[in-house]
Amino acid sequence: MRLVLVGPPGAGKGTQAEFISEHFTIPKISTGDIFRANVSEGTDLGKLAKKFMDVGDLVPDEVTDAMVRDRLGQPDAAGGFLLDGFPRNVAQAYELDSMLNDLGAWLDVVLELDIDDAEVVRRLSGRRLCKRCGHVWHVEFDPPTVPGICDRCGGELYHRDDDRPHTVRHRLDVYVDQTTPLIKFYGSRGQLVVMDAMGPVEDVTERAIAALTPYAA
């Protein structure tokens, strides 16, 4: 199965991607992982991307496209994959078509994790990160024994600026602006499956697997 996973920040894409890729035995391919791998390995594309990242600029589409094209051509992706973070716009969606066409493959399905904005704000604004070990806690869903102190290492917990409610709402607005055309694009081609991502992780995983099973080879 060749799958693209989309959803707003806080929808649980990272968590569900892990479960889905394990269940269907397909590699999880995220643009973040690809960037880190290319930079750490010192590839030509990694060096080029690092120039933009070092000054805080977005990596241009053509660099991202080239990295994804290279990753999809690797042997473990021959039997299918889960893409997380790509494509982010309609231009990249057409580029993905080109990549798959060159590989003699096709995209089976785009799964959108649908979640209320209020729930996204609740999930993200409650996160607290440990300054020492980086573990993520949540004041409501997974609180530390002592508020503000990490159970694992005793480090101080802090609230990231981009997890504050007003920032989360802005991130959601940006996501909608950028992604709505992409969602409409895949919807018009009959490749989009929209799934309720509310509720416990286990329930969402069950729904995801049920929704995707018809597309599995």
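Residues numbered from 1 in each chain as written. Predicted model: local features only at pLDDT ≥ 70, side-chain atom pairs only at ≥ 80, totals over all residues. Heavy atoms only, no water.

A. Representation of the overall build of the protein chain within the structure. The helix and strand inventory of the protein chain stands at eight helices and eight strands. By the compact-globule yardstick of 17 Å for 217 residues, the protein chain fits well, its C-alpha radius of gyration being 18 Å. The principal-axis extent of the C-alpha atoms belonging to the protein chain is close to 55 × 40 × 30 Å. Relative to its 217 residues, the protein chain shows a buried fraction of 43%. Within the protein chain, residue pairs in contact and separated by at least 24 positions form 67% of the contacts whose partners lie at least 6 positions apart. With an accessible surface of roughly 11500 Å², the protein chain has 52% of that area assigned to carbon and sulfur atoms. Treating the 24 positive side-chain charges of the protein chain as one cloud and the 35 negative ones as another, the clouds have centres 4 Å apart. (Helix = DSSP H or I, 4+ residues; strand = E, 2+ residues; numbered from the N terminus. Rg over C-alpha atoms; globule rule 2.2 N^0.38 Å. Buried < 20%, exposed > 50% of the residue type's maximum accessible area, 1.4 Å probe, protein only. Contact = heavy atoms within 4.5 Å. Areas by Shrake-Rupley, 256 points an atom, 1.4 Å probe, with all protein chains shown as cover. Lys, Arg positive; Asp, Glu negative; His and termini not counted. Charge placed at Lys NZ, Arg CZ, Asp CG, Glu CD.)

B. Quick look at the sheet that holds strand E4 (residues 109-114). Ordered in space as E2-E3-E1-E4-E8, the five strands form an open sheet in which the pairing is parallel. A single partner strand is all that each edge strand has here, and the edge strands are strand E2 (28-30) and strand E8 (192-196). If you compare each strand with its neighbour and ignore which way they point, the axes differ by 25° on average. Sheet analysis places E4 next to E8, joined by five bridges and oriented parallel. Among the inter-strand pairings, Asp114 is bridged to a residue of E8, identified as Asp196. (Pairing = 2+ DSSP bridges. Axes fitted to C-alpha atoms, helices over the stretch in contact; angles between N-to-C directions.)

C. Region of interest: the nonpolar core. Core analysis: the largest hydrophobic core is formed by 27 residues, its most contacted members being Leu72, Leu83, Leu96 and Tyr186. Put simply, the parts of the chain that give this core at least two residues each are strand E1 (2-6), helix H2 (31-41), helix H4 (61-72), strand E3 (81-84), helix H5 (90-102) and helix H7 (165-188). Of the residues forming this core, the biggest block, five residues, is contributed by H7. Not counting residues within four places of it along the chain, the set of residues in contact with Tyr186 comprises Pro87, Ala93, Leu96, Leu107, Val110, Gln191 and Leu192. (Core = buried A, V, L, I, M, F, W, Y, C linked by side-chain atoms within 4.5 Å.)

D. Layout of H5. The end-to-end C-alpha distance of H5, which contains 13 residues, comes to 19 Å, matching closely the 18 Å that a straight helix rising 1.5 Å per residue would cover. Inspection of H5 places Gln92, Ala93, Leu96, Met99 and Leu100 among the buried residues, and these make up the whole buried set. Buried residues of H5 fall within an arc of 115° about the axis and therefore sit on the same side. Exposed residues on H5 whose side chains face more than 90 degrees from its buried face are Ala91, Tyr94, Asn101 and Asp102. Each element contacted by the buried residues of H5 is listed here: E1, H4, E3 and H7. N-capping of H5 is provided by Asn89, with a side-chain oxygen placed 3.3 Å from the backbone N of Ala91. Taken from the residues just after H5, Gly104 is the one with a positive phi, measuring 70°. (Expected span 1.5 Å × (residues − 1). Arc of directions from axis to C-beta. Polar contact = N/O pair within 3.5 Å; in protein donor to acceptor, adjacent residues only side chain to side chain.)

E. A look at the environment of Asp61. The residue Asp61 is located in helix H4 in this model. Among the polar contacts made by the side chain of Asp61, one reaches the side chain of Gln92 at a distance of 3.1 Å.

F. Looking closely at the packing of helix H6 (residues 117-125) against H7. One can describe the packing of H6 onto H7 by two numbers: an axis separation of 9 Å at closest approach and a directional angle of 130°. Judged by the inter-axis angle, H6 sits oblique to H7. Crossing of H6 against H7: the hand is right-handed. Of H7, the residues touching H6 (which contributes Asp117, Val120, Val121, Leu124 and Ser125) are Pro165, Val168, Arg169, Arg171 and Leu172. (Parallel < 35°, antiparallel > 145°, perpendicular 65-115°, else oblique. Left-handed = near helix turned anticlockwise from the far one by under 90°.)

G. Geometry of the pattern of salt bridges. Counted under the stated rule, the structure contains 16 salt bridges. The partner of Arg171 in a salt bridge is Asp163, and the shortest N-O contact between them spans 3.5 Å. Here Arg171 falls in the partly exposed class, since its relative accessible area comes to 24%. Linked by salt bridges that have partners in common, Arg127, Arg160, Asp162, Asp163 and Arg171 make up one network. (Salt bridge = Lys/Arg side-chain N within 4 Å of Asp/Glu carboxyl O.)

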